[in-house]
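# Descriptive structure summary
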There are 4 protein chains.
Amino acid sequence: MQPFLAHPFDSDRLHEECGIFGAIGVLDASNFVALGLHALQHRGQEAGGIVTHDPEHGFNSAHRFGYVRDNFTKPDVMSTLPGPLAIGHVRYSTTGTKANTAIRDVQPFFGEFHMGGCAIAHNGNITNAAALRRELIERGSIFQSSSDSECIIHLMARSIQRNIPERMKDALRRVEGAFSVIAMTRTKLIGVRDALGVRPLVVGRVGEDGYVLASETCALDIIGAEFLREVEPGEMVVISKGKIESSRPFGPSTGRFCIFEHVYFSRPDSIIGGRSVYETRRQIGVELAREAPVEADLVCPVPDSGTPAAIGYAQESGIPYGMGIIRNQYMGRTFIEPSEQIRNMGVRLKLNVNRALIAGKRVVLVDDSVVRGTTSRKIKDMILDAGAAEVHFRIASPPTAWPCFYGVDTPDRDKLLAANMTPDEMREWIGVDSLSFVSLDGLYRAVGEAEGRNKSCPQYCDACFSGDYPVAPFDQLERGFRMKVGSETAVKQAAE
Amino acid sequence: MQPFLAHPFDSDRLHEECGIFGAIGVLDASNFVALGLHALQHRGQEAGGIVTHDPEHGFNSAHRFGYVRDNFTKPDVMSTLPGPLAIGHVRYSTTGTKANTAIRDVQPFFGEFHMGGCAIAHNGNITNAAALRRELIERGSIFQSSSDSECIIHLMARSIQRNIPERMKDALRRVEGAFSVIAMTRTKLIGVRDALGVRPLVVGRVGEDGYVLASETCALDIIGAEFLREVEPGEMVVISKGKIESSRPFGPSTGRFCIFEHVYFSRPDSIIGGRSVYETRRQIGVELAREAPVEADLVCPVPDSGTPAAIGYAQESGIPYGMGIIRNQYMGRTFIEPSEQIRNMGVRLKLNVNRALIAGKRVVLVDDSVVRGTTSRKIKDMILDAGAAEVHFRIASPPTAWPCFYGVDTPDRDKLLAANMTPDEMREWIGVDSLSFVSLDGLYRAVGEAEGRNKSCPQYCDACFSGDYPVAPFDQLERGFRMKVGSETAVKQAAE
Amino acid sequence: MQPFLAHPFDSDRLHEECGIFGAIGVLDASNFVALGLHALQHRGQEAGGIVTHDPEHGFNSAHRFGYVRDNFTKPDVMSTLPGPLAIGHVRYSTTGTKANTAIRDVQPFFGEFHMGGCAIAHNGNITNAAALRRELIERGSIFQSSSDSECIIHLMARSIQRNIPERMKDALRRVEGAFSVIAMTRTKLIGVRDALGVRPLVVGRVGEDGYVLASETCALDIIGAEFLREVEPGEMVVISKGKIESSRPFGPSTGRFCIFEHVYFSRPDSIIGGRSVYETRRQIGVELAREAPVEADLVCPVPDSGTPAAIGYAQESGIPYGMGIIRNQYMGRTFIEPSEQIRNMGVRLKLNVNRALIAGKRVVLVDDSVVRGTTSRKIKDMILDAGAAEVHFRIASPPTAWPCFYGVDTPDRDKLLAANMTPDEMREWIGVDSLSFVSLDGLYRAVGEAEGRNKSCPQYCDACFSGDYPVAPFDQLERGFRMKVGSETAVKQAAE
Amino acid sequence: MQPFLAHPFDSDRLHEECGIFGAIGVLDASNFVALGLHALQHRGQEAGGIVTHDPEHGFNSAHRFGYVRDNFTKPDVMSTLPGPLAIGHVRYSTTGTKANTAIRDVQPFFGEFHMGGCAIAHNGNITNAAALRRELIERGSIFQSSSDSECIIHLMARSIQRNIPERMKDALRRVEGAFSVIAMTRTKLIGVRDALGVRPLVVGRVGEDGYVLASETCALDIIGAEFLREVEPGEMVVISKGKIESSRPFGPSTGRFCIFEHVYFSRPDSIIGGRSVYETRRQIGVELAREAPVEADLVCPVPDSGTPAAIGYAQESGIPYGMGIIRNQYMGRTFIEPSEQIRNMGVRLKLNVNRALIAGKRVVLVDDSVVRGTTSRKIKDMILDAGAAEVHFRIASPPTAWPCFYGVDTPDRDKLLAANMTPDEMREWIGVDSLSFVSLDGLYRAVGEAEGRNKSCPQYCDACFSGDYPVAPFDQLERGFRMKVGSETAVKQAAE
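Residues numbered from 1 in each chain as written. Chains lettered and ligands numbered in written order. Predicted model: local features only at pLDDT ≥ 70, side-chain atom pairs only at ≥ 80, totals over all residues. Heavy atoms only, no water.

By the naming in an unreviewed UniProt entry, chain A goes by Amidophosphoribosyltransferase and is assigned to Paracoccus gahaiensis. What UniProt states about chain A under its Function (unreviewed entry) heading is, verbatim, "Catalyzes the formation of phosphoribosylamine from phosphoribosylpyrophosphate (PRPP) and glutamine." (UniProt positions renumbered as here; feature names shortened; annotations may be inferred.)

## Notes on the arrangement of the chains
Regarding chain B and chain C, which are not in contact, the minimum distance between any of their C-alpha atoms is 15 Å. The least C-alpha distance between chain A and chain D, which are not in contact, is 15 Å. (Contact = heavy atoms within 4.5 Å.)

## A few points about the UniProt feature "binding site: [4Fe-4S] cluster" (unreviewed entry) in chain A
Residue and element names in this part refer to chain A. The positions UniProt marks with the feature "binding site: [4Fe-4S] cluster" (unreviewed entry) are C258, C404, C461 and C464. A compact arrangement is adopted by the annotated residues: their sequence extent is 207 residues, whereas the largest C-alpha distance between any two is 10.1 Å. Tracing the backbone shows C258 in strand β15 (residues 257–258). With a relative accessible area of 7%, C258 lands in the buried category. (Helix = DSSP H or I, 4+ residues; strand = E, 2+ residues; numbered from the N terminus. Buried < 20%, exposed > 50% of the residue type's maximum accessible area, 1.4 Å probe, protein only.)

## Examining a nonpolar patch on the surface
A cluster of nonpolar side chains, F65 and I103 of chain B together with F65 and I103 of chain D, forms an exposed patch at the surface whose accessible area comes to about 280 Å². Considering the arrangement of structural elements, one finds F65 of chain D in strand β4 (residues 58–65). Overall, the relative accessible area of 33% leaves F65 of chain D in the partly exposed class. (Patch = residues over 30% accessible without salt bridge, like charges linked within 9 Å, V, L, I, M, F, W, Y side chains within 5 Å. Areas by Shrake-Rupley, 256 points an atom, 1.4 Å probe, with all protein chains shown as cover. Salt bridge = Lys/Arg side-chain N within 4 Å of Asp/Glu carboxyl O.)

## Details of the environment of G306 of chain C
Residue and element names in this part refer to chain C. Along the chain, the position of G306 falls in the loop between β18 (298–301) and α10 (307–317). Owing to a relative accessible area of 1%, G306 belongs among the buried residues under this scheme. C-alpha of G306 to C-alpha of Y264: the two residues are 42 residues apart in sequence and 9.1 Å apart in space. Setting aside its immediate chain neighbours within four residues, G306 contacts P301 and V366.

## Section: the interface of chain D and chain C
Each side of the interface is counted separately: chain D has 67 residues, and chain C has 66 residues. Together chain D and chain C conceal approximately 5,300 Å² of surface at their shared face, both sides included; 61% is due to carbon and sulfur atoms. The largest contributions to the chain D side of the interface with chain C come from Y330, F335 and I336 of chain D, which together make up 14% of the buried area. Taken together, the links from chain D to chain C amount to zero salt bridges. Across the chain D-chain C interface, the total number found is 18 residue pairs in polar contact (both at pLDDT 80 or more). Per-class residue counts for the side of chain D that touches chain C are 37 nonpolar, 20 polar and 10 charged. (Buried area = accessible area lost by both parts, 1.4 Å probe. Polar contact = N/O pair within 3.5 Å; in protein donor to acceptor, adjacent residues only side chain to side chain. Nonpolar A, V, L, I, M, F, W, Y, C, P; charged D, E, K, R; others polar.)

## Concerning the relation of the copies chain D and chain C
When chain D is fitted onto chain C, the two copies agree to an RMSD of 0.0 Å after a turn of 180° and an axial shift of 0.0 Å. Both copies are brought into coincidence by an operation consistent with a two-fold rotation axis. Distance from the rotation axis, computed per C-alpha, reaches its smallest value in chain D at Q329 of chain D: 4.4 Å. With an isologous cut-off of 70% or more, the 99% of interface residues of chain D that recur at the interface of chain C puts this contact in the isologous class. (Least-squares fit on C-alpha atoms with pLDDT ≥ 70 in both.)

## Quick look at the pattern of salt bridges
When the charged atoms of two side chains with opposite charge come close together, those side chains can pair. This structure, assessed with the given rule, holds 117 salt bridges over all chains. Among the salt bridges present, the one from R229 of chain C reaches E235 of chain C, with a minimum N-O distance of 2.7 Å. By relative accessible area, E235 of chain C is classed as buried at 3%. Taken together, the shared-partner salt bridges connect E287, R290, E291, E316 and R445 of chain A into one network.

## Things to note about the UniProt feature "binding site: Mg(2+)" (unreviewed entry) in chain A
Residues and elements named next belong to chain A. Residues annotated in UniProt with the feature "binding site: Mg(2+)" (unreviewed entry) correspond here to S305, D367 and D368. Across 64 residues, the annotated set stays spatially compact, with a maximum C-alpha separation of 7.1 Å. Relative to the helices and strands, S305 is located in the loop between β18 (298–301) and α10 (307–317). In this structure S305 comes out as buried when scored by relative accessible area, which is 5%. Among the structural elements, D367 can be located in strand β21 (residues 362–367). In this structure D367 comes out as buried when scored by relative accessible area, which is 1%.

## Quick notes on the pairing of strand β8 (residues 177–184) of chain B
All names here are of chain B. Most of β8 is tucked away, with eight of its eight residues classed as buried. Neither face of β8 is open: one carries G177, F179, V181 and A183, the other A178, S180, I182 and M184, and all of them are buried. Taken together, the eight bridges between strand β7 (residues 116–126) and β8 define a ladder with antiparallel strand orientation. Opposite A121, over in β8, you have I182 as the bridge partner. Linking β8 to strand β9 (residues 189–193), which pair antiparallel, is a turn of four residues. (Pairing = 2+ DSSP bridges.)

## Thoughts on the interface of chain B and chain A
Residue-level contacts link 67 residues of chain B with 66 residues of chain A. Both faces considered, chain B and chain A share a buried interface measuring about 5,400 Å² in area, 62% of it formed by carbon and sulfur atoms. Considering only the surface of chain B that becomes buried against chain A, Y330, F335 and I336 of chain B emerge as the three largest contributors, covering 14% of it. Put simply, chain B and chain A have zero salt bridges between them. With five residues, helix α1 (residues 29–39) of chain B is the largest single contributor of residues to the side of chain B that touches chain A. Here the side of chain B that touches chain A is composed, by residue class, of 37 nonpolar, 20 polar and 10 charged.

## Focus: helix α9 (residues 277–291) of chain C
Residue and element names in this part refer to chain C. Over its 15 residues, α9 extends 21 Å from the first C-alpha to the last, a length consistent with the 21 Å expected when each residue adds 1.5 Å. Burial analysis of α9 places 12 of its 15 residues in the buried class, the great majority of the element. Within α9 the residues assigned to the buried category are V277, Y278, T280, R281, R282, Q283, I284, G285, V286, E287, L288 and A289. The N-cap residue of α9 is S276: its side-chain oxygen and the backbone nitrogen of Y278 are 3.3 Å apart. (Expected span 1.5 Å × (residues − 1).)

## Points about the domain arrangement of chain A
Partitioning chain A into domains gives domain 1 (15–255) and domain 2 (281–327 + 346–447). The straight-line distance from the C-alpha centre of domain 1 of chain A to that of domain 2 of chain A is 36 Å. (Domains from an automatic or database assignment.)

Right under this line is the structure:
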């Protein structure tokens, strides 16, 4: 994921692995889905797909590598996607494997059952997918993709239930992990979230009888849809003929939404859990200014993802805010390096220091997170080369010390700076005058939990910071991953 | 031109028509040129070209439509561009004519003379090009492009001078208008600016004996070159074997640099006339806050071009700064509109209002300029739809009332809002609670002229605001364009 | 299929639907498969695919629309297909459905079973595919393509046999119709033909321990392989570690090879059933000259498919042979018709009459077959326009009156000229002076059956001429197709 | 040029360098030109261009690499080429320089003169182009291409004549060598041939008032145009408003048409000098059978270019004709060679021997010409590998011993087999049982000169066989080319 107000070295960030959108009861639903996916492009840029249905032509689909704007705007593509019902998916390319991603790994996935076809789009990660796949193959299922999400459609194909929503419940009860799923039959649009509601999903209304499902509210804004409510953790909604039916297939549950959506993944103009993401990020800056004040001349964001927190830090601290780093909007990674070595050419392709503003100043540099730390060093180098007197790094999230297994692409633990160094070692390694992360409690306060984190029953999934996994990562444990000793919630669940 | 910190509705802005770059005395000069043009991409996105020379292969060239990053990064293109000497050009597509732009209109242009070849890259506009072309065709020259710049190379071909720099002087003395030109022979890199120095051109040093010429200093930064100085108005520099020779082919002159480069065209991280462009823009915001204060709750830029002035306005006024409008970084213009009309869909593809921040607030909206005014209305609509209590528009330039004939793409006069309405009519037409432009003197103060504009001898070309054209636009006058009655400088010159 | 020595209006011919090739025991087997498929390109031009296996990288595949020479020659494609074992498939586009053909319909198909993966390439048609598909879906299989051939891999996935060759036998015993299949596991190359051996399949040896399977012997020639023998009707061969194991999974059977392969599908330089295809076609011309002699000045083939029979006719009749029709080797179907109507422009794009040769002559025009008859009329028009005195049409096959259901693309019965007219009506409708088809017995004599067709036990499948279907077309009968009353063999089988 | 009935190893043939076509007085002339160029595609496959004019849009042009059928069939290209007047050009890629061919080398060339624009398409070669180019550059002309033909348009631009046809006469009088030129102004279509008429050009009529000019009559046939006559050697025709005006700008002259057009370049269905090309080629076979009879079992052409002569040889000798070599219609040059060497893989991609026909036979192999001789060896190898008892090579042209400088791509003299070996050495080097070329007189008889070649005043240009150059090749002589001592015609002219 390259989020809205993204970080310029997005390859050194955590990434959401997808965005999903569905529409029913509108003319040419695929146009709505294309716009919705465009608004969700920050959640996945590698590829996208749309499936539609109309009574005359049945199901139709298109799956393409590349941006939504480059594919799902072409009349020759869109004209093959007629009908009042459509779902779509944008997908993130997990680092380094793009060469191996086939177009058949691109969702939505489709299955023809004897009661009719069904397409699904999945955001999240199934933590027992390897085990399920093994079992399904033994029983004669043929997998077409390397995607974990394909398990769901095979489990549905083998269900003995008579209708598709019931088959979907059957299937999802077998599945562990985090998922928000949008599905469609010939006449129904279905949305469902796992019991903890780790990944987001919202419902909106458009026009007379039209309904849409989307990962974030910003995708409602682009089509002028009205935001109705979130699909709740553990809820399934089935939308048909202008009506929404709700059920709770997984029993009662308390949500533990992914707190990193607030920090980096979601667009700042989205509303999550009733809160403005922009305001939350600005508030993290305020918390940071309180927790880690410093005497300085300039608060400067690492653009664009550090901007809201930098504004908050400046406002709380009274230090002037300024654009010390300018981002090249045309990007470009692959220039041939001139024969005489240019120091940090990779950085220069994306950023340039506003030397006249920085020179001689004590700079508070605000960034959203530190993952590997390599880009933090490069940015610090640029700032110092431009003549900054001091550099104080302020990070709008706690140290990222644990991988995510719930639909986010994270490096292995041994690549995470915070998993391998103390805060002071990190400061020294990066080479700055001071380095501070917002505290976990500070982050919880910024998202509106005045008391901070509830240790016995955390309000959010914060496993990447705390190592406290709310769902035991089955396949990972089989592969040898070792959880934190005494990690509260997950151990409980693993013991069940 | 889609400048750095560009406006989201760039089609409703004025546009620079090109960026130029040259390098000599370095290994694989084309790699430097590619990087330099990438840094200047905001000055022209339609197409680009590079010409190189090396003793073994002679002159080689590549001209391509599209971004530098998509063409001049490919090994199969770059490997055809060897040698220690190269120049390049990026070109802006003048509105609506793209379909007719042929690849042969893409610069640099090349001519084979009997003393050897010469390539030129031109930024600016020749105001007597039509007359020159007519004369050259009568004498047997065959034009290959529809570009005014091609006159220069034909005038050079017919010069009786024995070397190329002298032929270039011959040619440019016949040419009226604004130009910064970078040229190359087999062994020399040449830079020249017209007597008024309307368009920018700077010299830098890289490595041991390498020199570069560029439209802006930001293109020196990307390759780690040292900024030496500007080429002066009316100066020609000829660089060869590590030496720079300077001459003044057009006699003595006082520069009148384009003031709009400060307002919008140049990158904020460039240094022009010894001043930081970012700081100038922030200072315009300060001037605006002094000239047009208002009681409000939030200062919000139209991203990204209004941001520096908005920061200045907020700092001077004490009103909090906030990101009330979020720009979609994936853009996209061509989506198929869903059958049910979406109000202002074009706007929504690029921007979304940060509703939670705006709702109920009195908003100061800071934009860089008003050209046609159509996008100002749309943005105002979005802000009001999101529940703003009041909208106060503050514009970081004076009213744009006259077309530019010196290398900037401007609409005809009857399309310029300020040429057809009083400020109050504009306010009403746009539909905001108040509307203020920075004064011409305020703008001059922001660029460092403490006394404001010198009426008898203006320090800058500000014809787009004042109608005071420093060079009479010969071809345009022939076509019936009517200058402002009593316009100071141009009338003088036209009378000569 | 656009066969070797193809007809210029190939869209008015019957078409083979594919060609298959496999190689084992050679370095970079995919290169052999690419060459083999290139030699078999006449059997299918729409798309092609190759699957390979090597111990290090496992299974790899590439599927592409277009010619073999345009896809499987590129290093970036071929380098992804390593290993000593590979199979491939070229596919014909059935008329008018190309728009709907997805890349997932392109073979080979692949299935991952718990004992390892398997890829299959199928030439032929499964006559009970619709029924099998229905049953498999009910049991939870998810089909990915619209291809009948996919049934085979799902039947294999559900087999309880422990190894892949046995699973394949299980699957193919459930399948009705005509098939030649090449399959591969991680270590084995498998070839199998249905009990009647309707579609061809041959075995060859290359290098030390290398073996290949191919639709025709011409594909052995291109790689310099030695022709060993045909896979026999009802035989399965499993090739591994330099050894061929043979078995007969479908019990004893007498072959009924497709006689149309001799008439048009196969390449003239292939050897089928021990006979040269070229010589057979020349011999058909000889038979025609005996059965339907005529006084004339010139024997002229419809190029290129009518050429061998025309040579035979000329040699037997003593009438001079000449190229009265010249074929445009650059083809082209989509030219924009000039505003003034050009009569028969479609024909002119492909053919031109050699007017100087034709004018004033009595011409014997030799063509391979008549399907719809529309192109026969156009060619006759051209010949007469060029001034021929008489036109005598001689057809190197009996009247094509019945559709094929065994892997050949045929128009519906009501589109077949011979199904709807008597020979005399056809002569009049085409508008020629005489029209003769070779007799069914004459055709059998030309393929070496001195006694002609054995009515009680025909030596070949000749259903397209006789309506005598050796396998009842189950799905077609369900859809309402009515077989010929009293059709000998098929009725028997249908009654079983 | 890859001619009609082309040779499979066309890279070892001589090649025509272009085909030209023009149309006036028809609706959408570009559609006619596209069809005409398609019919002339055998004269040049690398690239093509079309220029049109209509009163509303002025001149428009499109130049593209690749086949006519792939470019000038697209509505988005053709819709940019409106108007009743158009000319076009197809161009051959001279061996090995394709990488350096720029799109600006693709004709027609266009020049804007002060009395209006003019486009020209040139077939032939200017033998003093280098000298003319030098002179024009010294006087200030800027060349845009590396093509010799561009001289013509620059000479025209500098002419002091008041109209374009007169300027063209001025220009062509300065030009030496062979040329057929089609040109257009805003209202006129112009055709002209050099005084010797080396290259072909014909006039036809289409519709009411439409006229066309074309390299060959086959291009008239495709659009249903009536063949009026050839443009005569030394004639200029100017067609406007339904009238043809003729003039003779170069004084009286006797034609010396290129005899190789009959042997290989022209399409067999074209009429040249009142003779059918097909019939001439068949007649060459007859002459060969008389001059070089042999006892054999089979006459076999090297397809497709040897076919008419082989038919003639068979008919005259009484030896049966048969297709011993089958050509792969899908071609392909770039397959990756399997790791185990395949002998003669290059040959196998294009040809396969019809082994069943060849084995044990004494074969007369008929080919059109021998250039380097390398492919003759390979084909002989294939025939012998297939078991032929004897191979007798019969060549339908005299030994090719001299390069052509009149618009044909020929290897240097030291690469021409016949320039470096005696006939007997050639036979041995190729490795055949006998080798015979038709005699020069035999060739003249086949083209209708009953008395053979007129030594004192040859009827044709046959320099490639005789070394007798009708125009001294000025640039070549400067570069050191040595003509045959005592060569009749050219020496005379060189002495002038």
